[in-house]
Amino acid sequence: MREAGFEYTIEPADPVPGARDFPYVLDDIEWAGQHGYGSDIQRATDEWTKNNPNTRYLQSLSAQRRKSAAAALNGPVPQGLTARTPDGVTFTHSDRGCESTARRRLYGDLPAWYQAKTAVAALADMTVAAVKADQAFTSSVTVWSACMTAAGTPYETPDRVRETLPPPDRPWPVAEEKRLAVTEATCAINSGLARTAKELGARHRALLEEKYRDDVTTKKRLQRQALPRARAVTDDANQ
């Protein structure tokens, strides 16, 4: 980006500590007691997105310079790379720009990396869908729902709880959010839903990785091959 005439700040991998993903049910009682459903973390994440160094830098540029900076980073048009996920979605990306240049330097075979990375990333959502369709999961959700009802918070499913949550910028009172979150997590543990979801998640993920072994194997191979190149880059930068 500097060679192209622009600034770029390397951002931390975890700019907002404490962020967690609960794809099936909130099952961490301590986390729920601290963050509720994470509206505080989401607000901090939104603030970081709006005000991180790269965003501020781009906002300081003229409209034409912003357009040029985006093209330098991402490539002029999303063409050159194509990937198809196991669930049939096609993605495209530019094979030009600083992002693709860096990935080509790291992984060597950029088209193979883009295909493998994109396909493997899709397995996460596919795993969640498979778990939620599993009879063992739905049966466990029924037990969880009975626990929630007994606690005075009648919800049929964890997804239904999410649907009733207000947006992060207009949250419930903190105590109310935390109280419901702790109840959900407690019922997740006591009903066995947390354990069932974890076991099913591992099982279905393994089945999908076996089914789409070529993409999984390619991604791991390219990552291993990239390690010495990454070390060389960071060693040079630290000298």
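This text follows the structure it describes.
Along every chain, residues carry numbers that run from 1 in the direction the sequence is written. For this predicted model, a pLDDT threshold of at least 70 governs which residues receive local features, and a threshold of 80 or more governs which side-chain atom pairs are given and counted, while totals over whole chains, interfaces and linings are taken from all residues. Think of the side-chain values as coming from all heavy atoms in the structure, minus any hydrogens and water.

Under the scheme used here, helices are H or I runs from DSSP no shorter than 4 residues and strands are E runs no shorter than 2 residues, and both carry numbers assigned from the N terminus. Within the protein chain one finds eleven helices and two strands. Helices and strands in the protein chain line up, N terminus first, as α-α-α-α-β-β-α-α-α-α-α-α-α. C-alpha atoms of the protein chain, sized along the principal axes, occupy 65 × 45 × 35 Å. Working definition: with a 1.4 Å probe on protein chains only, accessible area under 20% of the residue-type maximum means buried, over 50% means exposed, and in between means partly exposed. Within the protein chain, the fraction of its 239 residues that count as buried is 32%. In the protein chain, the proportion of contacts linking residues at least 24 apart, taken out of those at least 6 apart, comes to 66%. Counting only carbon and sulfur atoms, one obtains 53% of the accessible surface of the protein chain, whose full area is about 14,400 Å². His is not counted, nor are the chain ends, whereas Lys and Arg count as positive and Asp and Glu as negative. Charge positions are represented by NZ for Lys, CZ for Arg, CG for Asp and CD for Glu. Between the averaged position of the 32 positive side-chain charges in the protein chain and that of its 31 negative side-chain charges there is a distance of 5 Å. Two residues form a contact once any of their heavy atoms are found within 4.5 Å. Values of accessible area rely on a 1.4 Å probe in the Shrake-Rupley scheme; residue burial ignores everything except the protein chains shown.

A few words on the nonpolar core. To form a nonpolar core, buried Ala, Val, Leu, Ile, Met, Phe, Trp, Tyr and Cys residues must be joined to one another through side-chain atoms within 4.5 Å. Core analysis: the biggest nonpolar cluster contains 26 residues, and Leu26, Phe137 and Trp144 have the highest contact counts within it. Taken together, the elements giving at least two residues each to this core come down to helix H1 (29–35), helix H6 (110–132), helix H7 (135–150), helix H9 (174–191) and helix H10 (193–211). No other element matches H9, which puts five residues into this core. Beyond its immediate sequence surroundings of up to four residues, leucine 26 is in contact with Trp31, Ala32, Gly36, Tyr37, Arg162, Ala181, Glu184, Ala185 and Ala188. Membership of the second largest hydrophobic core comes to six residues, among which are Phe6, Tyr57, Leu61 and Ala72.

With that settled, consider the state of the cysteines. Pairs of cysteine sulfur atoms within 2.5 Å are what we label disulfides. Throughout the structure, instances matching the rule amount to one disulfide. Covalent S-S linkage joins cysteine 147 and cysteine 187, the inter-sulfur distance amounting to 2.1 Å. On the S-S bond that ties cysteine 147 to cysteine 187, the torsion sits near -80 degrees, and the link is left-handed. In this pair, cysteine 147 is assigned in helix H7 and cysteine 187 in helix H9, connecting sequence segments 40 residues apart.

Let us look at helix H4 (residues 63–74). Over its twelve residues, H4 runs 16 Å from end to end, which matches the ideal 16 Å to within 8%, given 1.5 Å per residue. Just downstream of H4, glycine 75 is the residue with a positive phi angle, here 95 degrees. Given the number of residues in a helix, its expected span is that number minus one, multiplied by 1.5 Å.

This part takes up the packing of H6 against H10. Only the contacting stretch of a helix is used when fitting its axis, a line to C-alpha atoms as for every element, and angles between N-to-C directions run 0 to 180 degrees. Running from amino to carboxyl end, H6 crosses H10 at an angle of 130 degrees, the nearest separation of the two axes being 9 Å. Compared by their axis directions, H6 and H10 come out oblique. The way H6 lies across H10 gives a crossing that is right-handed. Residues Val120, Leu123, Ala124, Met126, Thr127, Ala130 and Val131 of H6 form the contact with H10, whose own contacting residues are Leu200, Gly201, His204, Arg205, Leu208 and Glu209. For the contact of H6 with H10, the class distribution of residues is eight nonpolar, three polar and two charged. What sets the label is the angle itself: under 35 degrees gives roughly parallel, over 145 gives roughly antiparallel, 65 to 115 gives roughly perpendicular, and the rest give oblique. Helix crossings fall into two classes, left-handed where the near helix is turned counterclockwise from the far one by less than a right angle and right-handed where it is turned clockwise. Classification used: nonpolar for Ala, Val, Leu, Ile, Met, Phe, Trp, Tyr, Cys and Pro, charged for Asp, Glu, Lys and Arg, polar for all others including Gly.

To continue, consider the pattern of salt bridges. Any carboxyl oxygen of Asp or Glu that lies within 4 Å of a side-chain nitrogen of Lys or Arg is treated as forming a salt bridge with it. One pass over the structure, following the stated rule, counts eight salt bridges. A salt bridge links aspartate 28 to arginine 20; the shortest N-O distance between them is 3.0 Å. Exposure remark for aspartate 28: the relative accessible area of 23% places this residue in the partly exposed category. The class of arginine 20 is partly exposed, set by a relative accessible area of 43%.

Here the focus is helix H11 (residues 213–238). Here H11 spans 37 Å end to end across 26 residues, near enough to the 38 Å set by a 1.5 Å rise per residue. One axis is fitted to the seven residues ending at the residue and one to the seven starting there. The bend at that residue is the angle between these axes. A bend of about 35 degrees at leucine 227 is the largest found in H11, and the proline proline 228 appears one to four places after it. Every buried residue belonging to H11 is among Asp215, Val216, Lys219, Leu222 and Ala226, and all of these are buried. Turning to H11, the residues buried within the fold contact helix H5 (97–107), H6 and H10.

A few words on the packing of H4 against H5. Two quantities define a packed helix pair, namely the angle between the axes and the distance from one axis to the other. Here H4 crosses H5 at 15 degrees, and the two axes come no closer than 2 Å. As summarised for this structure, H4 and H5 are arranged roughly parallel, according to the angle between their axes. Seen from H4, the contacting residues are Ala71, Ala72, Leu73 and Asn74; seen from H5, they are Gly97, Cys98 and Glu99. Each residue belonging to the contact of H4 with H5 can be placed in one class, and the counts come to four nonpolar, two polar and one charged.

Geometric values such as these leave the question of function open.
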